[in-house]
Amino acid sequence: MTAQTNALNAYKQNSVTTASPGELTLMLYNGCLKFLGKAKIAIEQKNIEEKNYNIQRSQAIIAELMSTLNMDIEISKQMLPLYEYMNHRLIEANIKNDPSIIEEVAGLVTEFRDTWKEVIKITRKQQYANVEHV
């Protein structure tokens, strides 16, 4: 490994270990989008092994997002069936080698990610406003 690669890996590891729960969720969404993009390219290149690997990585991230839902909160009860739907659609995409299904799931993940970004921004503004008033 080069020094640059070692530095990048150390940075990535530090980013994850110092991230807030909200930032970790954002990282999961971004990772899912990355793997979906790679899966779509693999389908177009007829690389079945690569497609399967990247779809499974996306599914693992969706499973992690599902496992972190707090079912005592109403929005979590609404999110769970959406995550289940995305997972089901990825199974279909994997079986059918259909990039349009991957695009559909990527669209949903993008919406969730963008909404989550806004939640983080609003939360930070509220936290900073509370700190200034103390």
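Since the model is a prediction, treat every value here as computed from it, not as a measurement.

Time to look at the overall build of the chain. Along its length, the chain carries five helices and zero strands. The order of helices and strands in the chain, counted from the N terminus, is α-α-α-α-α. Residue burial in the chain is summarised as follows: out of 134 residues, 29% are buried. For the chain, the share of sequence-separated contacts (at least 6 apart) that also reach a separation of at least 24 residues comes to 62%. With an accessible surface of roughly 8,900 Å², the chain has 57% of that area assigned to carbon and sulfur atoms.

On to the packing of aromatic side chains, then. In the structure shown here, the tally under the stated rule is two aromatic pairs. Between Tyr29 and Phe112 the ring centres are 6.3 Å apart and the planes differ by 50 degrees, which places this aromatic pair in the tilted class. Residue Tyr29 is located in helix H2 (residues 21-44), and its partner Phe112 is located in helix H5 (residues 99-133); the two are separated by 83 residues in the primary sequence. Overall, the relative accessible area of 3% leaves Tyr29 in the buried class.

Between its terminal C-alpha atoms helix H4 (residues 74-96) stretches 34 Å, which fits the 33 Å expected from 23 residues at 1.5 Å a residue. Phi turns positive one or two residues past the end of H4, at Asn97, with a value near 55 degrees.

In this section: the environment of Lys46. Looking at the element boundaries, Lys46 is found in the loop between H2 and helix H3 (48-67). By relative accessible area, which is 67% here, Lys46 ends up exposed. Each C-alpha atom, one on Lys46 and one on Asn97, is 8.6 Å from the other, the two residues being 51 residues apart in sequence.

Inspection of the entire model under this criterion finds eight salt bridges. Of the charged contacts in the structure, one is a salt bridge between Glu44 and Lys40, with a shortest N-O distance of 3.9 Å. On the criterion of helical spacing, the pair formed by Glu44 and Lys40 is a turn pair, its members being four residues apart in helix H2. Its relative accessible area of 48% is what places Glu44 among the partly exposed residues. When its relative accessible area of 24% is taken as the criterion, Lys40 is described as partly exposed. Residue Lys96 is joined to Glu92 by a salt bridge in which the shortest nitrogen-to-oxygen separation is 3.5 Å. Of this pair, Lys96 and Glu92 both sit in helix H4, four residues apart, which is roughly one turn of the helix. Residue class for Lys96 comes out exposed when judged on its relative accessible area of 53%. Within the structure, one salt-bridge network assembled from shared partners comprises Arg89, Glu92, Lys96 and Glu104.

Now for the side chain of Thr25. Here Thr25 shows up in helix H2. When residues no more than four places from it in sequence are discounted, the contact partners of Thr25 are Leu65 and Trp116.

How each quantity is defined
Residues numbered from 1 in each chain as written. Predicted model: local features only at pLDDT ≥ 70, side-chain atom pairs only at ≥ 80, totals over all residues. Heavy atoms only, no water. Helix = DSSP H or I, 4+ residues; strand = E, 2+ residues; numbered from the N terminus. Buried < 20%, exposed > 50% of the residue type's maximum accessible area, 1.4 Å probe, protein only. Contact = heavy atoms within 4.5 Å. Areas by Shrake-Rupley, 256 points an atom, 1.4 Å probe, with all protein chains shown as cover. Phe/Tyr/Trp six-rings, centres within 6.5 Å; stacked < 30°, edge-to-face > 60°. Expected span 1.5 Å × (residues − 1). Salt bridge = Lys/Arg side-chain N within 4 Å of Asp/Glu carboxyl O.

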